[in-house]
Amino acid sequence: EIGVRLVGSEMCIRDRSSAQRAIASVNECQEILKGAANGWLLEYYTGEDGEYGGFNVLARFDGNNVIMAADFATDNYEIGEESTSLYKVESYQGTELSFDSHNELIHIFCEPNGYNDPGYAGDYEFIFRSLSKDKIVLTGKKHGVTLVMTPISAGVDWKTELTKIAVLAEDAAYNTFNLMINGKEVVRMGRSERAFTITTTDGAGQMTSESYPFIYTSDGAEMLDPLIVNGVETVSYTHLRAHETDS
């Protein structure tokens, strides 16, 4: 009988301790989200494994509301125009960030295009994987893409920065690129959406294509995962110009 009561007490203590840790985690996440005075840059990758590439979404949190702006336009928002909605930080399968009221700048990626067509296959619910004042790593609950948030410097004007990125993306909207390293062409890359594609042919004439998702930055593009060509690892590119025969 004593043993039964003891086990019950241990369970009670353990449950209370677990609940306290969950509450502490939620509070810590909220405080860090709110602590970036000029908001966060969310590198929002879409599709399974980020296959369609990334979009720049800026977000500022106040504990209940989130203000967002993005490097793309929608039917109702221009590039850099702010959209406000609700968000939650709660504890379910770990500590989660949920944009649970409609915000066009996030939910546009979560809406299917039609029957059997998931569209961009984006997420609006995320699990915190790591957390600091300098970097937050999230995983989408449905599609599992890893997303990174970093604080935006105090002097950065949102609309100016997002417009700069959008202009670069428009100017670089070519179908084919040459990857140049030290002035020498090492590979020719195609582009679809926000992903580069490299096609190779083996000795038997079999063609294989690999996709490398990227996100536009204010001075070029940055890869989701490193690209290794001829033993050289590259993660970011500047001077995005078309292959000379591209139109």
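Anyway, here's the lowdown on the structure attached to this text.

Thresholds applied
Residues numbered from 1 in each chain as written. Predicted model: local features only at pLDDT ≥ 70, side-chain atom pairs only at ≥ 80, totals over all residues. Heavy atoms only, no water. Helix = DSSP H or I, 4+ residues; strand = E, 2+ residues; numbered from the N terminus. Buried < 20%, exposed > 50% of the residue type's maximum accessible area, 1.4 Å probe, protein only. Contact = heavy atoms within 4.5 Å. Polar contact = N/O pair within 3.5 Å; in protein donor to acceptor, adjacent residues only side chain to side chain.

## Notes on unusual backbone geometry
Then comes step 1: Notably, D49 is not glycine yet its phi reads approximately 60 degrees, a positive angle.
Then comes step 2: By the element assignment, D49 lies in the loop between strand 1 (40-46) and strand 2 (53-61).
Then comes step 3: By relative accessible area, D49 is classed as exposed at 66%.

## Overview of the environment of T199
Then comes step 1: With respect to the helices, strands and loops of the structure, T199 is situated in strand 12 (residues 195-201).
Then comes step 2: We classify T199 as partly exposed; its relative accessible area is 41%.
Then comes step 3: Each C-alpha atom, one on T199 and one on V187, is 9.4 Å from the other, the two residues being 12 residues apart in sequence.
Then comes step 4: When near neighbours in sequence (up to four residues on either side) are disregarded, T199 contacts M207, T208 and S209.
Then comes step 5: At a separation of 2.8 Å, a polar atom in the side chain of T199 contacts the side chain of S209.

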